[in-house]
Amino acid sequence: MTIARESSAAVQRRYIACPHCDTLHVEALIPEDYTATCRHCGHVLAAPRRNSYARVLSLAVTALILMLGALFFPFISLEAAGLSNRTSVVDAMLAFSDGLMLPLSIAVALLIALIPAARLCAIAYTLVPLVFGGRPYRHAETAFRMAERLRPWSMAEIFIVGVAVALVKVSGLASVSFGPAFWAFAALVIVTVLQDNAMCRYTIWKSLENQRR
Ligand SMILES: [Zn+2]
């Protein structure tokens, strides 16, 4: 009897592949606050943490609010020869929206605003029912998969580095001061990094799978 049970357990044995080096590991129950790493390359496979869904959800909502501020508040103001000008990121996108520069405008809007916002909404959509203990919403798996696929295309932090480099050049020609949107962007980058680090993908996929049953 014991042998029969063991052999059926062996058949049902499931594996986790390391996303970094493809080494296969037998899936085991990972308790909260423990970290499972790849035995070959040390890549973190799973790191379930207590209240991590609530933390990731609150960081995602914070990031969405910061993003609104970062896009619509004045980003920088320039002063030269008695003239001053202040602009927001949305104004800057619209300034390129006609003629040959239109593709640039669309790319900036996608990479800096729409894709990061879509990712954050998809993560919130996936996590809200998990935080409140209900069944996942319809298509939550698709939403979470989309959020993961779009991760490399979410470039708010690259934008801020680009702006910093450009401002070093401009500061010789005009006096530059940062508006509230600049600080909102800086905070957004930090919150995004915290949210990405707090999110254990393995645990989320596992919860989606188990709650469906
Ligand atoms: Zn590995």
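This text goes with the structure placed above it.
Just so it is clear, the structure is predicted and the values come from calculations on it, not from any experiment.

### What about unusual backbone geometry?
Among all residues except glycine, the phi angle is most often negative; among peptide bonds, the trans geometry is most common. For D33, which is not glycine, the phi dihedral falls at a positive 70°. Along the polypeptide, D33 turns up in the loop between β2 (24–26) and β3 (36–37). The residue H139 is not glycine, and still its phi comes out positive at about 60°. For H139, the position within the fold is in the loop between α4 (102–131) and α5 (140–149). Owing to a relative accessible area of 52%, H139 belongs among the exposed residues under this scheme.

### Thoughts on the sheet that holds strand β5 (residues 74–80)
Backbone hydrogen bonds hold the strands of a sheet together, and the pairing may be parallel or antiparallel. One open sheet holds the three strands; their spatial order is β6-β5-β7, and the pairing between them is antiparallel. The open sheet terminates on both sides in strands that have one partner only, identified here as β6 (83–88) and β7 (175–178). Going from strand to strand, the sheet's axes swing by 20° on average, the running direction of each strand aside. Where β5 lies against β6, six bridges are found, and the strand directions are antiparallel. Paired with S77 across the bridge in β6 is R86. Sheet strands in contact with helix α6 (residues 156–170) are β5 and β7, and its direction is about 10° off that of β5.

Thresholds applied
- Residues numbered from 1 in each chain as written.
- Predicted model: local features only at pLDDT ≥ 70, side-chain atom pairs only at ≥ 80, totals over all residues.
- Heavy atoms only, no water.
- Helix = DSSP H or I, 4+ residues; strand = E, 2+ residues; numbered from the N terminus.
- Buried < 20%, exposed > 50% of the residue type's maximum accessible area, 1.4 Å probe, protein only.
- Pairing = 2+ DSSP bridges.
- Axes fitted to C-alpha atoms, helices over the stretch in contact; angles between N-to-C directions.
- Contact = heavy atoms within 4.5 Å.

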